[in-house]
Amino acid sequence: VQLQASGGGLVQAGGSLRLSCAVVNGYTMGWFRQAPGKEREFVAAIKWNGGTTYYQDSVKGRFTISRDNAKDTVYLQMNSLKPEDTAVYYCAAGRVITSTVRIPASYAYWGQGTQVTVSS
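Residues numbered from 1 in each chain as written. Predicted model: local features only at pLDDT ≥ 70, side-chain atom pairs only at ≥ 80, totals over all residues. Heavy atoms only, no water.

A. Broad picture of the nonpolar core. In this structure, Met29, Trp31, Leu76, Met78 and Tyr89 are the most contacted members of the largest nonpolar core, which totals 29 residues. When residues no more than four places from it in sequence are discounted, the contact partners of Tyr89 are Ala5, Leu19, Phe32, Arg33, Val43, Phe63, Leu76, Met78, Gly113, Thr114 and Val116. One finds Phe32, Tyr54, Ala92 and Val101 within the second-largest nonpolar core, a separate group that totals eight residues. (Core = buried A, V, L, I, M, F, W, Y, C linked by side-chain atoms within 4.5 Å. Buried < 20%, exposed > 50% of the residue type's maximum accessible area, 1.4 Å probe, protein only. Contact = heavy atoms within 4.5 Å.)

B. Inspection of the side chain of Arg67 at higher detail. Counting through the fold element by element, Arg67 comes out in strand β7 (residues 63–68). Although Arg67 lies buried, it forms no salt bridge, and the closest oppositely charged side chain, Asp72, sits 7.7 Å away as judged by the N-O distance. Reaching out from Arg67, the side chain makes a polar contact with the backbone oxygen of Ile46 at a distance of 3.4 Å. Among the polar contacts listed, one links the side chain of Arg67 to the side chain of Asn69, at a separation of 2.9 Å. In this structure Arg67 touches Val23, Val24, Tyr27, Thr28, Met29, Ile46, Lys47, Trp48, Gly50, Thr73 and Val74, once residues within four positions along its chain are discounted. (Helix = DSSP H or I, 4+ residues; strand = E, 2+ residues; numbered from the N terminus. Lys, Arg positive; Asp, Glu negative; His and termini not counted. Salt bridge = Lys/Arg side-chain N within 4 Å of Asp/Glu carboxyl O. Polar contact = N/O pair within 3.5 Å; in protein donor to acceptor, adjacent residues only side chain to side chain.)

C. A look at the pairing of β7. Alternating residues of β7 divide into Phe63, Ile65 and Arg67, all buried, and Thr64, Ser66 and Asp68, none buried. Hairpin connection between β7 and strand β8 (residues 73–78): a loop of four residues separates the two successive antiparallel strands, and Asp72 in this loop has a positive phi of roughly 55 degrees. (Pairing = 2+ DSSP bridges.)

D. Here's a closer look at the pattern of salt bridges. Going through the model one piece at a time under the given rule, you end up with four salt bridges. Between Arg33 and Glu41 there is a salt bridge, with the nearest N and O atoms lying 2.6 Å from each other. On the basis of relative accessible area, Arg33 is assigned to the buried category, the value being 5%. Asp85 is the partner of Arg62 in a salt bridge, and the nearest nitrogen-oxygen pair spans 2.7 Å. Pair noted here: Arg62 is in the loop between β6 (53–55) and β7 and Asp85 is in the loop between β8 and β9 (87–94), with a separation of 23 residues, a long-range link.

E. Representation of the sheet that holds β8 within the structure. Spatially, the three strands line up as an open sheet ordered β3-β8-β7, and their pairing is antiparallel. Each having just a single partner strand, β3 (17–22) and β7 make up the two edges of the open sheet. Each strand axis lies, on average, 15 degrees off the axis of its neighbour in the sheet, ignoring direction. (Axes fitted to C-alpha atoms, helices over the stretch in contact; angles between N-to-C directions.)

F. Quick peek at the environment of Gly61. Mapped onto the elements of the fold, Gly61 is located in the loop between β6 and β7. Relative accessible area serves as the criterion here: at 84%, Gly61 is assigned to the exposed category. In the structure, Gly61 is positioned 18 residues away from Asn79 in sequence and 8.7 Å away in space, judged by C-alpha atoms.

Take a look at the structure:
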């Protein structure tokens, strides 16, 4: 399974970006990020049926995860971006349960990341 995140770039604080990634049918899709010198951290996830979403507290109200299974695509809409959102963003797929949705090791498949840089 090959995943590829796209849509990253350079944006000023307060701006928006939308990331995209191919879905894996039947799998929960997650977005993670990793800033230089930091561990990979959970950002958001969405169940296969799209009915349940999860967010890291720091992005709630600013980021929205969604999936279009007909287009085999998962999106991360990022609004009101802050410099601290700067990181490489990765999409991932896994058969995860609620208690493990925020744990990177729960995901079986990972894509190459896309850089998001937010300038102040």
